[in-house]
Amino acid sequence: MQVAERIADVRQAIRAARRDGKPIGFVPTMGALHAGHMSLVTASRNECGYTVVSIFVNPTQFGPHEDLDRYPRPRTADLTLCEQAGVDLVFYPPVEEMYPPRATTFVEVGGLSDIWEGAIRPGHFRGVATIVAKLLNIVGCDRAYFGQKDYQQQLVLRRMAADLDLPVEIITCPIARDPDGLALSSRNAYLSPAEREAGLAISRALLAAERAVKAGERDPRQLQQILRSILDAARGLQTEYAIVVDPDTMRELDQAQAEMVALIAARSGTTRLIDNLILKIP
Ligand code: AMP
């Protein structure tokens, strides 16, 4: 496995892989890798001949009072996981490599970036879109893999790729969870046992909405009520939003449709947790 810190070295490695005619798969991450990240790596390894992982804690997607400084950066453990998973190239750039002081260009994805996560975290999706556009240009992959865990993010990035005619296929992979239901996240490491317990209400609420749909409930406002009632009963959990939206526009629904997405963002202690579930009317 090659580890590159410089853009030029990535481009050189990719040129060599291209000469071998291998389709190139790419998994952008902020590190502190867990089984969710590794499921994206597995998908890439299954579908592509050469897999690149980037590990970069991207400062432009963090707000001024967010956890940029305390975000975990376990370099050795991350590289070991990548090596064991059969990753071909890890791009591990320092901040100056991605944001030289002279850089002034940002990518703004209109509409989708301003609601829900974007409303609570102003500028977040501008940072995400900018770094992912740069990474896609550097790696020049055929397929890029993202998690459904960050539902709005993958929609924003799909919009960006379409609008900018980026020659890449965006692939969204299912949410990996711990056995107790909690969606895997690098931020779960911040949770105390009690905070984790409170956080479990999030996946419980989503599953309750799914059960209600299977039992015949269709009304998105009722489903939203089900989410709320379970979240409100969890001590120590502060819900930021619990909504049922259209899968493409993320607009809140007031009428049932064949596919809806239930999305939750909540704080357990100081840790923000997000999760979602696609609800399909049988
Ligand atoms: P991050 O390192 O948090 O920026 O995540 C990197 C990629 O991994 C993103 O596309 C995430 O959506 C994805 N990811 C994070 N957690 C999970 C999870 N539990 N299951 C599936 N994908 C995930």
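Residues numbered from 1 in each chain as written. Predicted model: local features only at pLDDT ≥ 70, side-chain atom pairs only at ≥ 80, totals over all residues. Heavy atoms only, no water.

Overview of the site of the ligand
So, step 1. Of all residues adjacent to the ligand, which total 16 residues, the nearest are Met30, His37, Asp150, Ala176 and Leu184.
So, step 2. At 2.9 Å, a side-chain N or O of His37 approaches an oxygen atom of the ligand.
So, step 3. In isolation the ligand exposes 480 Å². Once the protein is present, 92% of that is buried.
So, step 4. For the shell around the ligand, the secondary structure elements donating two or more residues are strand 2 (24-29), helix 2 (35-47) and strand 5 (143-147).
So, step 5. With three residues, helix 2 is the largest single contributor of residues to the shell around the ligand.
So, step 6. When its residues are assigned to classes, the shell around the ligand shows eight nonpolar, six polar and two charged. (Near = heavy atom within 4 Å. Polar contact = N/O pair within 3.5 Å; in protein donor to acceptor, adjacent residues only side chain to side chain. Areas by Shrake-Rupley, 256 points an atom, 1.4 Å probe, with all protein chains shown as cover. Helix = DSSP H or I, 4+ residues; strand = E, 2+ residues; numbered from the N terminus. Nonpolar A, V, L, I, M, F, W, Y, C, P; charged D, E, K, R; others polar.)

Points about helix 8 (residues 193-214)
So, step 1. The end-to-end C-alpha distance of helix 8 is 32 Å, a good match for the 32 Å that 22 residues give at a rise of 1.5 Å each.
So, step 2. Within helix 8, burial applies to Ala198, Gly199, Leu200, Ala201, Ile202, Ser203, Ala205, Leu206, Ala208, Ala209, Ala212 and Val213.
So, step 3. Note on helix 8: the residue one or two positions beyond its end, Gly216, has a positive phi of about 115 degrees. (Expected span 1.5 Å × (residues − 1). Buried < 20%, exposed > 50% of the residue type's maximum accessible area, 1.4 Å probe, protein only.)

Some points on the state of the cysteines
So, step 1. Here the structure, examined in full by the defined rule, presents zero disulfides.
So, step 2. Left without a disulfide partner, Cys48 is nearest to the cysteine sulfur of Cys141, which lies 8.3 Å away.
So, step 3. In this structure Cys82 is not part of a disulfide, and its nearest cysteine sulfur, from Cys173, lies 15 Å away.
So, step 4. On the basis of relative accessible area, Cys82 is assigned to the buried category, the value being 0%. (Disulfide = S-S within 2.5 Å.)

Some thoughts on helix 9 (residues 220-232)
So, step 1. The first and last C-alpha atoms of helix 9 sit 18 Å apart over 13 residues, in line with the 18 Å expected at 1.5 Å per residue.
So, step 2. Residues of helix 9 that are buried include every one of Pro220, Leu223, Gln224, Leu227 and Leu231, and no others. Each buried residue of helix 9 sits inside an arc of 100 degrees when the element is viewed along its axis, so together they form one side.
So, step 3. Against the buried residues of helix 9 lie helix 8, strand 7 (237-245), strand 8 (259-268) and strand 9 (271-280). (Arc of directions from axis to C-beta. Contact = heavy atoms within 4.5 Å.)

Comments concerning the sheet that holds strand 7
So, step 1. Strand order across the open sheet formed by three strands is 7-8-9, with antiparallel pairing between neighbours. Each having just a single partner strand, strand 7 and strand 9 make up the two edges of the open sheet. Here the average twist between neighbouring strands, direction ignored, is 15 degrees.
So, step 2. Here helix 9 sits on the sheet and contacts strand 7, strand 8 and strand 9; the angle it forms with strand 7, its principal contact strand, is near 165 degrees. (Pairing = 2+ DSSP bridges. Axes fitted to C-alpha atoms, helices over the stretch in contact; angles between N-to-C directions.)

What to know about the environment of Cys48
So, step 1. The topology assignment puts Cys48 in the loop between helix 2 and strand 3 (50-55).
So, step 2. Since its relative accessible area comes to 9%, Cys48 is described here as buried.
So, step 3. C-alpha of Cys48 to C-alpha of Gly25: the two residues are 23 residues apart in sequence and 5.5 Å apart in space.
So, step 4. Apart from residues no more than four positions distant in its own chain, Cys48 is found in contact with Pro23, Ile24, Gly25, Arg143 and Tyr145.

Quick look at the packing of helix 6 (residues 124-139) against helix 7 (residues 151-163)
So, step 1. Helix 7 packs onto helix 6 with a crossing angle of 55 degrees between their chain directions and a minimal axis gap of 10 Å. Between helix 6 and helix 7, the angle falls in the class oblique. Between helix 6 and helix 7 lies a crossing whose hand is right-handed. Judged by residue contacts, Phe125, Val128, Ala129, Val132, Ala133 and Leu136 of helix 6 engage Gln152, Gln153, Val156, Leu157 and Met160 from helix 7.
So, step 2. Considering only residue class, the contact of helix 6 with helix 7 consists of nine nonpolar, two polar and no charged. (Parallel < 35°, antiparallel > 145°, perpendicular 65-115°, else oblique. Left-handed = near helix turned anticlockwise from the far one by under 90°.)

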